[in-house]
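Commentary on secondary and tertiary structure
For reference, the chains in residue letters:
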Amino acid sequence: FNRSFEAFIAEARKQRKGNWRTEFTSFGINNYIREGYGMTPNNQPVAVTGVAFNTPQTSLTMTSNESFELFPVISPSNATDKSVTWSSSDTSVATVDNNGVVTAIAEGSATITVTTTDKAFTATSNIIVNTNSFLSTVQSEPIIYPNPISAQDILNISLNAINGSTVRIVDLKGRVIYSNKPKNNHMAIEINKILIPGFYTISVSIPKGKTYTNKLIVK
């Protein structure tokens, strides 16, 4: 370090901007020389700029006593405070715990809201609960089994409505891993060719605009 102390301070003041500051002690520069300017960051927190759910669907159909976990994605990914709170507009229809696990209680609809502690950004998901069991629901609802599933198993999807149906599997980052249109009323998907162990969202969109969504667990 060959510059004089006065020259260093003059250059630091010239270069100073944003959250950078000069630092020195009575003994001179206190080993804070960074890129020749003698400045260090103030370690300012990174603010949250938004939140969204990992699945593109904004509506979820569930049956009584069924549970589904919602995964909020905080932006930016390096935000300092990623804590959130959860709420349900009607706990008599569906509840949600502190981890985002939604449990269907009774027939009806409820809105699940996640709110960031920092800046209070929100994301919502509409929950529709019917009282039919998963295996004996309305004529058009698909049957997906087994779930959870081993990576070596075959995932089966039985459909009553075929024409125009689309099956999609989405990962926790919202990326579409699998998308296909069934040619008959039964699909068999070889999991080990497309998925690794983890959590996914599987959706079946059928004619007349209805989409059934469920969590898929690959062990």
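In what follows, the accompanying structure is described. (Residues numbered from 1 in each chain as written. Predicted model: local features only at pLDDT ≥ 70, side-chain atom pairs only at ≥ 80, totals over all residues. Heavy atoms only, no water.)

**Some points on the packing of aromatic side chains**
Per the counting criterion, the structure on display carries two aromatic pairs. Ring centres of phenylalanine 53 and tryptophan 86 lie 6.0 Å apart, and the angle between their planes is 20°; this geometry places the pair in the stacked category. With phenylalanine 53 in strand 5 (residues 50-53) and tryptophan 86 in strand 9 (residues 84-88), this pair connects stretches of sequence that are 33 residues apart. Arranged with centres 6.2 Å apart and planes meeting at 45°, the rings of phenylalanine 71 and phenylalanine 199 form a pair that is tilted. Taken together, the residues phenylalanine 71 in the loop between strand 7 (67-69) and strand 8 (72-75) and phenylalanine 199 in strand 19 (residues 198-206) connect sequence positions 128 residues apart. What makes phenylalanine 199 partly exposed here is its relative accessible area of 36%. (Phe/Tyr/Trp six-rings, centres within 6.5 Å; stacked < 30°, edge-to-face > 60°. Helix = DSSP H or I, 4+ residues; strand = E, 2+ residues; numbered from the N terminus. Buried < 20%, exposed > 50% of the residue type's maximum accessible area, 1.4 Å probe, protein only.)

**A closer look at the sheet that holds strand 11 (residues 101-104)**
If you trace the three strands from one edge of the open sheet to the other, you get 7-11-10, paired in antiparallel fashion. Both outer strands of the open sheet, strand 7 and strand 10 (94-96), are each paired with one neighbouring strand and no more. Taking the axes of each pair of neighbouring strands and ignoring which way they run, one obtains an average angle of 20° across the sheet. (Pairing = 2+ DSSP bridges. Axes fitted to C-alpha atoms, helices over the stretch in contact; angles between N-to-C directions.)

**Some remarks on the sheet that holds strand 14 (residues 143-145)**
Strand order in this open sheet of three strands is 14-15-18, and the pairing throughout is antiparallel. Lying at the two open borders of the sheet, with one neighbouring strand each, are strand 14 and strand 18 (186-190). Within the sheet, the average angular offset between the axes of one strand and its neighbour, ignoring direction, is 15°. Two strands pair when backbone bridges link them, and strand 14 and strand 15 (residues 154-158) are joined in this way by three bridges, in the antiparallel orientation. By the bridge assignment for strand 15, tyrosine 145 is matched with asparagine 156.

**Quick look at the pattern of salt bridges**
Per the counting criterion, the structure on display carries two salt bridges. Ionic pairing is found between aspartate 171 and arginine 175, a salt bridge with its closest N-O pair at 2.7 Å. (Salt bridge = Lys/Arg side-chain N within 4 Å of Asp/Glu carboxyl O.)

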